[in-house]
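Here's the letter readout for the chains.
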Amino acid sequence: MAVDEDGTIHEIQAPEADGSIVVSVPVDGEYTLTMRAGSPGESPELLSAAGLPATHPIETVDGADNRWLGEVELPSPHPLSVTVRDQLGSPVENATVRIEHSGGPAPTITGETDENGTAAFADAEDSIALSGAVNVSVEPPDGEQTFAGGVQERVVVDEPTDQAIELPFAPPEPVLSASNTSIEAGERIELATAQSETVTGNATYRWDLTGDGQTDRAGGAPNRSVTLATPGERTITVTVVDEAGNTATAAVTIEVREAAAVDQQHMPDRRGYAPAA
């Protein structure tokens with residue numbers, strides 16, 4: 001088949017009895033001649049035929065040239081299986097797996113993971129025969145908000161390959177608030193972390209209470225009381241860490257004023273009387 005730079009297939013031809021193939025393409029552009037196992041009307045997800053890769057780019061040609069490539073020797077295929085798991089090692093079901101050759105445009109092979117996280121490619125079951133460098137892309141199940149997004153890995157298939165791919169969890173999106181953001185030195189405030197739920201269930205909260213970038217307190221509680229004794233502007237941050245190690249940080253700025261001077265001369269005595277001014 002002939003595939004242009006956009007991945008569009010322009011012509012599919014089956015070989016003649018002697019194995020020769022003639023492919024005609026428009027003259028305006030370059031095309032990658034690509035081998036694909038199976039008949040022209042079949043899906044590229046089929047198992048390789050007669051010991052050939054399921055699909056493999058051969059050579060890029062200019063549509064304006066008449067070329068005879070001669071005898072083309074295709075590489076020996078090897079089975080590639082893909083397993084998708086989350087960051088805690090659990091299988092991800094119904095994830096979409098796409099495989100594309102990195103050597104040039106070729107048909108995309110698409111599969112979906114089963115309850116064990118193993119990708120099935122049409123009637124190729126749990127593996128597909130390929131050779132060379134391929135890009136394996138994984139997208140989370142449709143409508144699933146648990147994950148941060150898709151991932152892509154480059155895999156070289158030069159032997160039987162079992163490729164495990166990890167989908168990262170979506171990090172928390174915490175919001176930090178304070179009971180008062182303008183206080184006098186020595187006053188106590190309450191800090192509360194909202195929207196800090198994590199996909200993994202448990203989280204650790206690391207508090208920087210001094211604004212120096214260092215962790216002063218850590219624990220599993222999303223809220224904390226703190227007394228600020230030094231005047232000045234203070235930025236307090238909390239970093240939420242889930243069980244998989246994903247982190248997200250929120251901050252709040254507190255203005256700490258000088259404490260008002262106390263007039264000792266006119267303070268009431270033990271009986272509640274204050275001297276006259």
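Please refer to the structure placed before this passage.
Note that the structure is predicted; figures quoted are calculated from it, not measured. (Residues numbered from 1 in each chain as written. Predicted model: local features only at pLDDT ≥ 70, side-chain atom pairs only at ≥ 80, totals over all residues. Heavy atoms only, no water.)

## Notes on the overall build of the chain
A count of helices and strands for the chain gives zero helices and 20 strands. In the chain, which comprises 277 residues, the proportion classed as buried is 36%. Residue pairs at least 24 apart in sequence account for 57% of intrachain contacts in the chain once pairs closer than 6 positions are excluded. As displayed, the chain has an accessible area near 15,600 Å², and 44% of this comes from carbon and sulfur atoms. (Helix = DSSP H or I, 4+ residues; strand = E, 2+ residues; numbered from the N terminus. Buried < 20%, exposed > 50% of the residue type's maximum accessible area, 1.4 Å probe, protein only. Contact = heavy atoms within 4.5 Å. Areas by Shrake-Rupley, 256 points an atom, 1.4 Å probe, with all protein chains shown as cover.)

## Some points on the sheet that holds strand E17 (residues 217-219)
Spatially, E14-E20-E19-E16-E17 is the arrangement adopted by the five strands of the open sheet, whose pairing is mixed. The sheet terminates laterally at strand E14 (182-184) and E17, the two strands that pair on one side only. Here the strands of the sheet are splayed against their neighbours by 25° on average, with no regard to which way each runs. In this structure, strand E16 (residues 203-208) lies alongside strand E19 (residues 232-242), joined through six bridges in antiparallel fashion. Bridge pairing in E19 places aspartate 208 opposite threonine 237. (Pairing = 2+ DSSP bridges. Axes fitted to C-alpha atoms, helices over the stretch in contact; angles between N-to-C directions.)

## Quick look at the nonpolar core
With 21 residues, the main nonpolar core has Leu80, Val82, Val84, Val97, Ile99, Val134 and Val136 as its most contacted residues. Counting residues per element, the ones that place at least two in this core are strand E5 (78-86), strand E6 (96-101), strand E9 (128-130), strand E10 (132-139), strand E11 (151-157) and strand E12 (161-167). Not counting chain neighbours up to four residues away, the residues in contact with valine 82 comprise Val97, Gly117, Thr118, Ala119, Val136, Gln163 and Ile165. With 18 residues, the next largest nonpolar core counts Ala185, Ala203, Leu228 and Val240 among its residues. (Core = buried A, V, L, I, M, F, W, Y, C linked by side-chain atoms within 4.5 Å.)

## Describing the side chain of threonine 113
As for its position among the elements, threonine 113 is in strand E7 (residues 109-113). Here threonine 113 falls in the buried class, since its relative accessible area comes to 3%. A polar atom in the side chain of threonine 113 sits 3.0 Å from the backbone nitrogen of asparagine 94. Polar side-chain contacts of threonine 113 include one of 2.8 Å to the backbone nitrogen of alanine 95. (Polar contact = N/O pair within 3.5 Å; in protein donor to acceptor, adjacent residues only side chain to side chain.)

## So, the packing of aromatic side chains
Evaluation of the coordinates by the stated rule reveals one aromatic pair. Plain terms: the ring middles of phenylalanine 147 and phenylalanine 169 are 5.8 Å apart, the flat faces sit at 10° to each other, and that makes the pair stacked. You can see phenylalanine 147 sitting in the loop between E10 and E11 and its partner phenylalanine 169 sitting in the loop between E12 and strand E13 (175-178), a full 22 residues away along the chain. Here the two residues phenylalanine 147 and phenylalanine 169 agree in accessibility, since each one is buried. (Phe/Tyr/Trp six-rings, centres within 6.5 Å; stacked < 30°, edge-to-face > 60°.)

## Some details on the sheet that holds E12
With respect to topology, three strands assemble into an open sheet ordered E9-E5-E12, the strand pairing being mixed. Edge positions in the sheet fall to E9 and E12, since each of these pairs with one other strand and no more. Averaged over all pairs of adjacent strands, the angle between strand axes in this sheet comes to 40°, irrespective of strand direction. Note: E5 against E9, three bridges, orientation antiparallel. By the bridge assignment for E9, histidine 78 is matched with leucine 130.

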